[in-house]
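Here is what each chain is made of, one letter per residue.
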There are 2 protein chains.
Amino acid sequence: MPGRPGPRRTLSAEVITDAALGLLDDGGAEALSMRRIAAAAGVAPNALYTYFPDKAAVLRAVVDRLVGRHANPALTGDAPWRDRVRAMAVAVRAGLLAHPGAAAMIMSAPLDGPEALRFGELLLDALAEAGVTGPDAARASYAVMVYLLGAIALEAADQGADPGARRAAAAAIPAEHFPRTAASAAVIATYNTVEQYLWGLDRLVDGLVR
Amino acid sequence: MPGRPGPRRTLSAEVITDAALGLLDDGGAEALSMRRIAAAAGVAPNALYTYFPDKAAVLRAVVDRLVGRHANPALTGDAPWRDRVRAMAVAVRAGLLAHPGAAAMIMSAPLDGPEALRFGELLLDALAEAGVTGPDAARASYAVMVYLLGAIALEAADQGADPGARRAAAAAIPAEHFPRTAASAAVIATYNTVEQYLWGLDRLVDGLVR
DNA sequence: ACCTGAACACCGTTCAAGT
DNA sequence: ACCTGAACACCGTTCAAGT
């Protein structure tokens, strides 16, 4: 009876997450359907429900893996704490912007997977080195995560927009109604985005360790 | 020939956005399908495509309205700049958390609508009052937006998670592997979320105007 | 326990019409 | 120009089986 199943143990949460990550690399976030993930894993769509309760759970696993893969290596090592944090910020930004749509996924699922846990711990290590401990440390590390992930998600959203339309919108800002915004738009165009991103991070860290 | 159309001018981008906002209030973000929005507006699904190129454009219009409605009134007035910024932060948080899913939408579309433009201008006004002008003002206002929207989106994502599972995950943090995280989780549970949110905002603003 | 086929109740978007 | 019915190519998820 060929094609007829039975307990085959071909599948696992790991295999499913791998398949999803592969699809994300190739086709972006909108390629991440349960049916396509299942097909990539060589299995019927509903087989995924043995390992995950629903699609959101699969996405959470993918997000956790992405965060761990890009953030955690940069935070490990014995460089000074500020260098580690900056290196992590650059790595996680590059890693997430590489997959279109990954940044938006990060903001729509809670960061509670095992890799995210390690991420938080490494960030707390760095802050402790900076002299931030006790109750403030928890709030400070959360603020850093918020800034990083928010900045990456907003940049990805902007990136996804039609560049022509974006330029037109920037040029069409009526300076008589929005004088400061019009001036800002001209200024912002001269910076690159990593520079802005790190500038904001440094200001936040300044406020946190002051 | 009853039910047969012709140019009726019953529809407009405004009417569509209103219908979408109504659905968002009632049913959350997953109620926002083109077919349901059309039904709420009393029209066939494809009629929406006369006014918006695709679903993403409709969502952008919704997001712009939400931001404008909640952020801009609080930034208008003659209170000291820091009070205006804090009041705006509280208002936009409450306004977005009130619609489940609205926060995630904000992070997945560029903030380039008319209301968002006004939002940016009002924020730049406040920062100018704080003495932040020139090239730094643009980067500073962007950093503030990133923090606010990122914090709200992450809080909404956490809120959306199953509370039982969340508590279980927090309690299950192995202190021998993640000592600082385990200690933090205990601390964080004693704060309310608005307090944490404003604490981070204040630290960022400290770094920006220092 | 693990996987399947088949089905249910949806989607966004397009196309060729009608007025 | 503005709206329609009908269709296309999908979705996530559930259910009753099979091994």
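Residues numbered from 1 in each chain as written. Chains lettered and ligands numbered in written order. Predicted model: local features only at pLDDT ≥ 70, side-chain atom pairs only at ≥ 80, totals over all residues. Heavy atoms only, no water.

Asks: Explain the overall build of chain A to me, using residue names and the numbers behind them.
Replies: Scanning chain A from terminus to terminus reveals 10 helices and 0 strands. For chain A, the N- to C-terminal ordering of α and β elements is α-α-α-α-α-α-α-α-α-α. Projecting the C-alpha coordinates of chain A onto the three principal axes gives extents of approximately 75 × 45 × 25 Å. Classification of the 210 residues of chain A by burial places 48% in the buried group. Once local pairs closer than 6 in sequence are excluded, the contacts in chain A between residues at least 24 apart make up 70%. Surface accessibility of chain A: about 9800 Å² in total, with carbon and sulfur atoms responsible for 56%. Mean positive and mean negative side-chain charge positions of chain A (20 and 22 charges, respectively) differ by 5 Å. (Helix = DSSP H or I, 4+ residues; strand = E, 2+ residues; numbered from the N terminus. Buried < 20%, exposed > 50% of the residue type's maximum accessible area, 1.4 Å probe, protein only. Contact = heavy atoms within 4.5 Å. Areas by Shrake-Rupley, 256 points an atom, 1.4 Å probe, with all protein chains shown as cover. Lys, Arg positive; Asp, Glu negative; His and termini not counted. Charge placed at Lys NZ, Arg CZ, Asp CG, Glu CD.)

Asks: Give a description of the interface of chain A and chain B that names residues and reports values.
Replies: Each partner contributes to the interface: chain A provides 52 residues, whereas chain B provides 52 residues. It is Arg139(A), Leu154(A) and Trp199(A) in chain A that bury the most area against chain B; as a group they hold 16% of the surface buried on that side. The interface formed by chain A and chain B holds 2 salt bridges in total. Here Arg180(A) ties to Asp125(B) by a salt bridge, and the two come within 2.6 Å at their closest N and O atoms. (Buried area = accessible area lost by both parts, 1.4 Å probe. Salt bridge = Lys/Arg side-chain N within 4 Å of Asp/Glu carboxyl O.)

Asks: Now, about the pattern of salt bridges: what can you tell me, with residues and values included?
Replies: All names here are of chain B. One pass over the structure, following the stated rule, counts 20 salt bridges over all chains. The partner of Arg86 in a salt bridge is Asp202, with the nearest N and O atoms 2.8 Å apart. Taken together, the residues span a long stretch of sequence, with Arg86 in helix 4 (residues 81-98) and Asp202 in helix 10 (residues 193-209) at a distance of 116 residues. Using a relative accessible area of 30% as the deciding quantity, one classes Arg86 as partly exposed. With relative accessibility at 12%, the residue Asp202 sits in the buried group.

Asks: Can you lay out the environment of Ala170(B) for me, pointing to particular residues and giving the numbers?
Replies: Among the secondary structure elements, Ala170(B) is positioned in helix 8 (residues 163-171). On the accessibility criterion, Ala170(B) (41% relative accessible area) is partly exposed.

Asks: An account of helix 1 (residues 13-27) of chain A is requested, with residue identities and associated values reported.
Replies: Along its 15 residues, helix 1 of chain A runs 21 Å from first to last C-alpha, staying within 8% of the 21 Å computed at 1.5 Å per residue. Check the buried side of helix 1 of chain A and you find it contacts helix 2 (34-40), helix 3 (55-75) and helix 5 (102-108) of chain A. (Expected span 1.5 Å × (residues − 1).)

Asks: I'd like a description of empty space enclosed by the protein, backed by residues and values.
Replies: A water-sized probe, rolled over the atoms, reveals where empty space remains. Residue and element names in this part refer to chain B. Considering all chains together, one arrives at 1 cavity of 30 Å³ or more under this definition. The space that makes up the largest cavity amounts to roughly 40 Å³. Forming the walls of the largest cavity are Trp81, Val85, Leu123, Leu127, Val144, Val205 and Leu208. For the lining of the largest cavity, the elements supplying multiple residues, two or more each, are helix 4, helix 6 (114-129) and helix 10. Its residues placed into classes, the lining of the largest cavity shows 7 nonpolar, no polar and no charged. (1 Å grid on protein atoms, 1.4 Å probe; cavity = no way out; pocket = protein on both sides within 12 Å on 5 of 7 lines; lining within 4 Å. Points joined across faces, edges and corners; volume = space filled by probe spheres on them. Nonpolar A, V, L, I, M, F, W, Y, C, P; charged D, E, K, R; others polar.)

Asks: Give a detailed account of the relation of the copies chain A and chain B, specifying residues and quantitative values.
Replies: Aligned on chain B, chain A shows an RMSD of 0.0 Å; the corresponding rotation is 180 degrees and the shift along the axis is 0.0 Å. This pairing of chains is accounted for by a two-fold axis. (Least-squares fit on C-alpha atoms with pLDDT ≥ 70 in both.)

Asks: A description of the UniProt feature "DNA-binding region" (unreviewed entry) in chain A should follow, citing residues and the corresponding values.
Replies: When the UniProt feature table is mapped onto this chain numbering, "DNA-binding region" (unreviewed entry) sits at residues 33-52 of chain A. Across residues 33-52 of chain A, the secondary structure splits into 35% helix and 0% strand, with the terminal C-alpha atoms separated by 14 Å. (UniProt positions renumbered as here; feature names shortened; annotations may be inferred.)

Asks: Summarise the packing of helix 6 (residues 114-129) of chain A against helix 7 (residues 135-160) of chain A; cite the residues concerned and give the values.
Replies: Residue and element names in this part refer to chain A. It is at 10 Å that the axes of helix 6 and helix 7 come closest, and there the two elements cross at 115 degrees. In the crossing of helix 6 with helix 7, the sense of the turn from one axis to the other is right-handed. Where helix 6 approaches helix 7, its residues Phe119, Gly120, Leu123, Leu124 and Leu127 are matched on the opposing element by Ala137, Ala138, Ala140, Ser141, Val144 and Met145. In terms of residue class, the contact of helix 6 with helix 7 is built from 9 nonpolar, 2 polar and no charged. (Axes fitted to C-alpha atoms, helices over the stretch in contact; angles between N-to-C directions. Left-handed = near helix turned anticlockwise from the far one by under 90°.)

Asks: I'd like a description of the side chain of Ser141(A), backed by residues and values.
Replies: All names here are of chain A. Looking at the secondary structure, you find Ser141 in helix 7. On the basis of relative accessible area, Ser141 is assigned to the buried category, the value being 7%. If we ignore the near neighbours within four places in the chain, the residues touching Ser141 are Leu123, Leu124 and Leu127.

Asks: Give a description of the packing of aromatic side chains that names residues and reports values.
Replies: All names here are of chain A. Applying the stated criterion across every chain yields a total of 2 aromatic pairs over all chains. Judged by centre distance (6.4 Å) and plane angle (20 degrees), the ring pair of Tyr147 and Tyr197 falls under stacked. Here Tyr147, found in helix 7, pairs with Tyr197, found in helix 10 (residues 193-209); they are 50 residues apart in sequence, far enough to count as distant. Each member of the pair Tyr147 and Tyr197 is classed as buried. Sitting over the face of the ring of Tyr197, Arg93 holds its NZ or CZ atom 5.9 Å from the ring centroid. (Phe/Tyr/Trp six-rings, centres within 6.5 Å; stacked < 30°, edge-to-face > 60°. Lys NZ or Arg CZ within 6 Å of the ring centre and 35° of its normal.)

Asks: Hey, could you go over the UniProt feature "domain: HTH tetR-type" (unreviewed entry) in chain A for me, with residue numbers and the actual values?
Replies: UniProt records the feature "domain: HTH tetR-type" (unreviewed entry) for residues 10-70 of chain A in the present numbering. For residues 10-70 of chain A, the end-to-end C-alpha separation is 28 Å, with 62% helix and 0% strand making up the annotated structure.

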